[in-house]
Amino acid sequence: MKDSFRICRKCGKPVGVIEWGVYRKILVDAEAVDVVPDPHGEEFVRVDGSKIRGRVAEPGTLQTEPAYRPHRKTCGVQD
């Protein structure tokens, strides 16, 4: 796995690139959030590239894991 951070060409915000598998890259927001698993929550991406459904954890919540939001959902540029 090779991680890198850069600037989004469309919106100018910092993004991370998570590589997993062969020729697979996921653009994510640069800042990780603590996530609590929830089958009806948002989609997040773990550091290893796997996906998890969850919600952002309240401060002090136990059983959390760090994950990233996919950048395509937060880019803010209309295509």
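Everything below is about the structure printed above this text.
Residues numbered from 1 in each chain as written. Predicted model: local features only at pLDDT ≥ 70, side-chain atom pairs only at ≥ 80, totals over all residues. Heavy atoms only, no water.

Enquirer: Go over the overall build of the protein chain, please, and point to the residues and values.
Expert: The helix and strand inventory of the protein chain stands at 0 helices and 6 strands. Helices and strands appear in the protein chain in the N-to-C order β-β-β-β-β-β. For 79 residues, the compact-globule estimate of 2.2 N^0.38 gives 12 Å, and the C-alpha radius of gyration of the protein chain, at 13 Å, lies within 12% of that figure. The principal-axis extents of the C-alpha atoms in the protein chain amount to approximately 35 × 30 × 20 Å. Relative to its 79 residues, the protein chain shows a buried fraction of 30%. Of the contacts made within the protein chain by residues no fewer than 6 positions apart, 42% connect residues no fewer than 24 positions apart. Here the protein chain has roughly 5,800 Å² of accessible surface; of this, 51% comes from carbon and sulfur atoms. Each charge class in the protein chain was averaged separately, 14 positive and 12 negative side chains, and the resulting centres sit 8 Å apart. (Helix = DSSP H or I, 4+ residues; strand = E, 2+ residues; numbered from the N terminus. Rg over C-alpha atoms; globule rule 2.2 N^0.38 Å. Buried < 20%, exposed > 50% of the residue type's maximum accessible area, 1.4 Å probe, protein only. Contact = heavy atoms within 4.5 Å. Areas by Shrake-Rupley, 256 points an atom, 1.4 Å probe, with all protein chains shown as cover. Lys, Arg positive; Asp, Glu negative; His and termini not counted. Charge placed at Lys NZ, Arg CZ, Asp CG, Glu CD.)

Enquirer: Explain the environment of V15 to me, using residue names and the numbers behind them.
Expert: Along the chain, V15 falls in strand β2 (residues 14–19). With a relative accessible area of 2%, V15 lands in the buried category. Linking V15 and A30, residues 15 residues apart in sequence, is a C-alpha distance of 4.5 Å. Setting aside residues no more than four positions away along its own chain, V15 makes contact with S4, F5, R6, I7, C8, L27, V28, A30 and H71.

Enquirer: Can you break down the state of the cysteines residue by residue, with the values?
Expert: Enumeration according to the criterion identifies 0 disulfides in this entry. In this structure C8 is a free cysteine whose sulfur lies 3.7 Å from that of C11, the closest cysteine sulfur available. (Disulfide = S-S within 2.5 Å.)

Enquirer: Mind laying out the pattern of salt bridges, listing which residues take part and the relevant values?
Expert: In a structure, side chains of opposite charge can pair up when their charged atoms sit close to one another. Enumeration over the complete set of coordinates arrives at 5 salt bridges. Close ionic contact of E43 with R72 constitutes a salt bridge, the shortest N to O distance being 3.3 Å. One end of the pair, E43, is in strand β4 (residues 33–45); the other, R72, is in the segment after β6 (65–67), and 29 residues separate them in sequence. R72 sits in the exposed class, given a relative accessible area of 57%. In this structure, the salt-bridge partner of R46 is E65, at a minimum N-O distance of 2.9 Å. Taken together, the residues R46 in the loop between β4 and β5 (51–56) and E65 in strand β6 connect sequence positions 19 residues apart. Judged by relative accessible area, R46 falls into the partly exposed class, the value being 26%. Judged by its relative accessible area of 23%, E65 falls in the partly exposed class. If you follow the salt bridges from partner to partner, you end up with E43, K51 and R72 in one network. (Salt bridge = Lys/Arg side-chain N within 4 Å of Asp/Glu carboxyl O.)

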